[in-house]
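Each chain is listed here by its residues.
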Amino acid sequence: MMNIKAFRLVSAVERELLMGDKDRINIECVECCGKSLYVGTNDCFIYHFLLEEKTLPTGAAAFTATKQLHRHLGFKKPVNELRAASALSRLLVLCDNFITLVDTRNLQPIPTGARIKGAVTFALNENPVSGDPFCVEVCIISVKRRTIQMFLVYEDRVQIVKEVSTPEQPFAVAVDGHFLCLALTTQYIILNYSTGVSQDLFPYCSEEKRPIVKRIGRQEFLLAGPGGLGMFATVAGISQRAPVHWSENVIGAAVCFPYVIALDDEFITVHSMLDQQQKQTLPFREGHILQDFEGRVIVATSKGVYILVPLPLEKQIQDLLASRRVEEALVLAKGARRNIPKEKFQVMYRRILQQAGFIQFAQLQFLEAKELFRSGQLDVRELISLYPFLLPSSSAFTRSHPPLHEYADLNQLTQGDPEKATKCKCFLMSYLNEVRSTEVANGYKEDIDTALLKLYAEADHDSLLDLLVTENFCLLTDSAAWLEKHHKYFALGLLYHYNNQDAAALQLWVNIVNGDIHDSTRSDLYEYVVDFLTFCSDQELVWKYVDWVLQKSEEVGVQVFTKRPLDERQKNSFSPNDIIKCLKKYPKALVKYLEHLVIDRRLQKEEYHTHLALLYLEEVLRERTSASGKGTEVTETQAKLRSLLQKSDLYRVHFLIDKIQGTSLHMERAILHGKLEEHGKALHVLVQELKDFPAAEDYCLWSSEGRDAPYRQRLFHTLLALYLNAGPDCELVVAAVDLLNRHTAEFDAAQVLQLLPDTWSVQLLCPFLTGAVRSSLHTRRMTQVALGLAKAENLIYKYDKMKLKGSSVRLSDKKVCQMCQNPFCESAFVRYPNGGLVHTHCAASRPGSPDSPGPGSRT
């Protein structure tokens, strides 16, 4: 149990004011209505006091009671109970089992003498069902055994409404609408006096303890239960609140939300209805009366009257927060909602959540703090301001007043502990990253993003780069100085780029690559710069740094041009001619760029194709010179040269032939002769000079690619003639036989047989002859099939023609053309199979049936 100061006990009526020096006078009951306080004594007097509340300089409340008058009721018994009916200006006084109606203005019984007889105790129905504003509903426990009676009390008369029997003798009663909550001899019950239906609640023993039955709200009661529990019960017989644990000897109870106040022989105890904890204990001996009147709680001994003044809930909550009792403070704040106007409560509750968040933050309870900050809609700059130098110098932020916490900065909060400070900074990084894209950041995104950048840079966090390459609101001046301070030059370049200062960004990155400044963020920074320039729209900037990137690496640097987006390539500043002119100093880059133009972009320009072929040729010749005597394997460059010469038709063939003359590049020379349709020379080079028979066969294949069959046949016949006319060379004879047997389909068998020497055996040419016969048979049969199909189609046409000639057609000047809708002026016409007649010129301009637009109909 942890105490808080929820109430102050303040004297209202001193003993001297009430009884002077008469020791035998005791207070039996009290009633409070507005500023009027009524006291009933054991000598049958009623006293009327006027209570005035004032505030002392300390802020505490004090009361002054002024005696108005007193009156003796004419009995010799004590005044047992008082209840005010302010709407009727009446005081209901229970004395000697009579309830007398007394005028509140003069304390005189009413002239009619109307009163209720035989009452042991009574209660007013504060949720009346009669609907008459000029009467009061009263429930009494009658002196008749096991009897409850309901009365309507008017200004000058009383009227009995209902009499109800109970299972046991009742001792205490409270009323709400049609429902009575009764303490019987052995149990509490809920009784609907209108229907007679009852509901048992729980047992208790009236001989062992004094029952307590108190209405605390609409259809809800507070009861003294077994085991020292204050039990809550509704008219439905259920409990919607957890019980409070009070003294076993409690003699009175009252409710001042959110507290239940209990009175025993020695103490007044205060219990929370929200968390059921005992919150305060006030010593108070000889007390025997505890009642609440419209939010004012009055306690009394037999000699004096006191008021329990509640401290403002806000002060209670602030005291709890000052004691670091966050959960209790939040529970109390939520419970205060019903007593505070909505708008005021929302403002107050948000501030309490924010204060609670800072308390949890100071205790490094970051998850709880984050949730409280979010719920309280904290201006995140309050949190950022704890961290020195994180807010931009241009920020106009000032902390909330009164302050939400007691800390000047993070150093004070962590007491200089670097580990705690690091944890706090990690939390702020996480929190800022979460809120920067939410409504919480609206209005001060610059402060948030700048603070986040500073935290990332200081912690060397990977997210620094992510922040700078996405949309952000980092202030350039503050951020640039901070990044430079922490040697984050690559990140500084990103910041410059985001703020459209690409020149400054590139200069920084170039300095890093050159080693003028140190930043190991990216090991591939050179490649990054190349990629940056590739997509840079500032042409002047690209030209400024292109020499630098090419000097570092021609193969990588040329990507500035080869990977540039198409829309950029089309601009005049980056025309191929300008780029080629720039790359003349960088031969490797030039080759790469020309390959890009010729092979990737497939530009159909002779100068690019010739230039690339020439560069290939020069490189091949250099390789041949340096590799003299080390073999003649085909290098990668030579393979590229041959591929270009074979596939391209745009380069200057004669120019390249002149360059190749006198070199050992026989294959390349053969390809060039082929481009000039000098196939005999080309094949002569391959057969006679290179002795490369497979290459000669391949030459015939790729040279005739895309040409008709006779063209290919001529190439193969030329190669065969070259083999056969070379004389009795066994190697060439074998090559000729292999050529025939492998490419039978490419030869005219009849011509080949005339060329072959008579000495060749049939067995030698068996594959060729077999293939030739099969091909000939196949060709003959396919021709016969085609002829048969043509004859069948011709027969169909003849049949259609006969059918058309078999029917007559009548043509007159009243007939109109079905296409142009004009009459026929001459005898010539066209008739369609569907019977439609059209002019000859109409049919010529639009073939097909006039009713069917397809052109396939026969006429």
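Residues numbered from 1 in each chain as written. Predicted model: local features only at pLDDT ≥ 70, side-chain atom pairs only at ≥ 80, totals over all residues. Heavy atoms only, no water.

Right, let's talk about the overall build of the protein for a bit. Summing up its helical and strand segments, the protein has 31 helices and 30 strands in all. Taken against the 2.2 N^0.38 rule, which gives 29 Å for 859 residues, the C-alpha radius of gyration of the protein at 56 Å runs more than 25% over that of a compact globule. Dimensions along the principal axes, computed over C-alpha positions, put the protein at roughly 165 × 95 × 60 Å. Sorting the 859 residues of the protein into buried and exposed places 46% on the buried side. Across the protein, the fraction of contacts at a sequence separation of at least 24, relative to all contacts at a separation of at least 6, is 48%. Per element, the accessible surface of the protein, about 44,200 Å² overall, is 50% carbon and sulfur. (Helix = DSSP H or I, 4+ residues; strand = E, 2+ residues; numbered from the N terminus. Rg over C-alpha atoms; globule rule 2.2 N^0.38 Å. Buried < 20%, exposed > 50% of the residue type's maximum accessible area, 1.4 Å probe, protein only. Contact = heavy atoms within 4.5 Å. Areas by Shrake-Rupley, 256 points an atom, 1.4 Å probe, with all protein chains shown as cover.)

Okay, the packing of aromatic side chains next. For the structure on display, the rule yields 23 aromatic pairs. A centroid spacing of 6.4 Å and a plane angle of 15 degrees characterise the contact between Phe-75 and Phe-98, whose relative ring orientation is stacked. Within this pair, whereas Phe-75 is found in the loop between β5 (61-72) and β6 (79-85), its partner Phe-98 is found in strand β8 (residues 98-103), the two being separated by 23 residues in sequence. Residues Trp-509 and Tyr-528 carry aromatic rings whose centres are separated by 5.2 Å and whose planes lie at 90 degrees to one another, so their mutual orientation is edge-to-face. With a gap of 19 residues between them, Trp-509 in helix α13 (residues 502-514) and Tyr-528 in helix α14 (residues 525-534) connect regions that are remote in the sequence. The residues Trp-509 and Tyr-528 share a single accessibility class, namely buried. In textbook terms, an aromatic cluster arises when at least three aromatic residues are bridged by ring pairs, as seen for Phe-358, Phe-361, Phe-366, Phe-373, Phe-427 and Tyr-431. Stacked on the ring of Tyr-444, the Lys or Arg Arg-381 has its end atom at 4.2 Å from the ring centre. The positively charged end of Lys-485 is found above the aromatic ring belonging to Trp-482, 4.8 Å away from the centroid. (Phe/Tyr/Trp six-rings, centres within 6.5 Å; stacked < 30°, edge-to-face > 60°. Lys NZ or Arg CZ within 6 Å of the ring centre and 35° of its normal.)

The next subject is the pattern of salt bridges. Any two side chains of opposite charge can pair, so long as their charged atoms come close to each other. In total, this model carries 37 salt bridges according to the counting rule given. A salt bridge links Arg-105 to Asp-103, with the shortest nitrogen-to-oxygen separation between them at 3.0 Å. When its relative accessible area of 12% is taken as the criterion, Asp-103 is described as buried. Within this structure, Arg-90, Asp-103, Arg-105 and Glu-155 form a network of salt bridges that share partners. (Salt bridge = Lys/Arg side-chain N within 4 Å of Asp/Glu carboxyl O.)

Okay, the sheet that holds strand β24 (residues 267-272) next. Through backbone hydrogen bonds, the strands of a sheet pair up, either in parallel or in antiparallel fashion. One open sheet accounts for 4 strands, arranged β22-β23-β24-β25; its pairing is antiparallel. Taken across any chain shown, the strands that pair with only one partner, and hence form the sheet edges, are β22 (252-256) and β25 (278-283). Between one strand axis and the next, the sheet turns through 20 degrees on average, direction left out of account. (Pairing = 2+ DSSP bridges. Axes fitted to C-alpha atoms, helices over the stretch in contact; angles between N-to-C directions.)

Each pocket or cavity is described by its volume, and for the second largest pocket that value is around 430 Å³. In this structure, the second largest pocket is lined by 17 residues; those nearest its centre are Pro-587, Lys-588, Val-591, Glu-619 and Thr-637. If you list the elements that add at least two residues to the lining of the second largest pocket, you get α20 (587-600), α21 (606-626) and α22 (636-647). Classifying every residue of the lining of the second largest pocket gives 5 nonpolar, 2 polar and 10 charged. (1 Å grid on protein atoms, 1.4 Å probe; cavity = no way out; pocket = protein on both sides within 12 Å on 5 of 7 lines; lining within 4 Å. Points joined across faces, edges and corners; volume = space filled by probe spheres on them. Nonpolar A, V, L, I, M, F, W, Y, C, P; charged D, E, K, R; others polar.)

Moving on, we get to the sheet that holds β8. The strand order β6-β7-β8-β9 describes an open sheet built from 4 strands, whose pairing is antiparallel. Each of the sheet's edge strands pairs with one partner strand only, and the pair in question is β6 and β9 (115-117). Averaged over all adjacent pairs, the angle separating strand axes in this sheet is 20 degrees, with direction ignored.

In this model, Phe-257 is joined to Pro-258 through a cis peptide bond whose omega is 10 degrees. Of note, the amide linkage connecting His-401 to Pro-402 takes the cis form, showing an omega dihedral of 0 degrees. Its location among the elements puts Pro-402 in the loop between α6 (380-384) and α7 (410-414). Within the chain, Leu-364 stands out as a residue other than glycine whose phi angle is a positive 65 degrees. Leu-364 sits in the partly exposed class, given a relative accessible area of 24%. For Gln-377, which is not glycine, the phi dihedral falls at a positive 50 degrees. Mapped onto the elements, Gln-377 comes out in the loop between α5 (366-375) and α6.

Nonpolar side chains tend to gather and get buried jointly when the protein is soluble and globular. By size, the foremost hydrophobic cluster in this structure holds 136 residues, and its most contacted members are Phe-361, Leu-383, Trp-509, Val-549, Leu-583 and Tyr-723. Here the element with the most residues in this core is helix α8 (residues 418-435); it accounts for 8 residues. In this structure Leu-583 touches Leu-550, Val-558, Phe-561, Ala-589, Leu-590 and Tyr-593, once residues within four positions along its chain are discounted. Listed in part, the 36 residues of the second largest apolar core include Phe-7, Phe-284, Val-299 and Leu-321. (Core = buried A, V, L, I, M, F, W, Y, C linked by side-chain atoms within 4.5 Å.)

Strand direction decides the pairing type here: strand β4 (residues 45-55) and β5, joined by 11 bridges, are antiparallel. Looking at β5, one finds that Thr-55 is bridged to Ala-61. Linking two consecutive strands that pair antiparallel, namely β4 and β5, is a turn of 5 residues; a positive phi of about 95 degrees is found at Gly-59 within it.

What follows concerns empty space enclosed by the protein. Sizing a probe to match a water molecule and rolling it over the atoms shows the empty space that remains. This structure, assessed with the given rule, holds 2 cavities of 30 Å³ or more. A volume near 60 Å³ is recorded for the largest cavity. Along the walls of the largest cavity sit Ile-4, Tyr-259, Ser-272, Leu-274, Asp-275, Lys-279, Leu-320, Glu-328, Val-331 and Leu-332, which together make up its complete lining. Its residues assigned to classes, the lining of the largest cavity shows 6 nonpolar, 1 polar and 3 charged.

Here we come to α14. The element α14 is extensively covered by neighbouring structure, given that 8 of its 10 residues are classed as buried. The complete set of buried residues in α14 reads Leu-525, Tyr-526, Tyr-528, Val-529, Val-530, Phe-532, Leu-533 and Thr-534.

Attention now moves to α22. Between the first and last C-alpha of α22 there are 17 Å, a value that for 12 residues agrees with the 16 Å anticipated at 1.5 Å per step. Thr-637, Gln-638, Leu-641, Leu-644 and Leu-645 are the residues of α22 that are buried. Across the axial projection of α22, the buried residues extend over an arc of 125 degrees, all falling on one side. α22 presents Glu-636 and Lys-647 as exposed residues on the side facing more than 90 degrees away from its buried surface. Check the buried side of α22 and you find it contacts α20, α21, α23 (653-660) and α24 (666-675). (Expected span 1.5 Å × (residues − 1). Arc of directions from axis to C-beta.)

Moving on, we get to the packing of α24 against helix α26 (residues 693-703). Two measures define how a pair of helices packs: the angle their axes make with one another and the distance between the axes. Contact geometry for α24 and α26: axes closest at 12 Å, N-to-C directions at 30 degrees. Judged on the interaxial angle alone, α26 and α24 are roughly parallel. Once α24 is placed against α26, the crossing between them reads as right-handed. Along its contact with α24, which presents Met-667, Ala-670, Ile-671, His-673 and Gly-674, the element α26 presents Ala-695, Tyr-699 and Trp-702. The residue makeup of the contact of α24 with α26, split by class, is 6 nonpolar, 2 polar and no charged. (Parallel < 35°, antiparallel > 145°, perpendicular 65-115°, else oblique. Left-handed = near helix turned anticlockwise from the far one by under 90°.)

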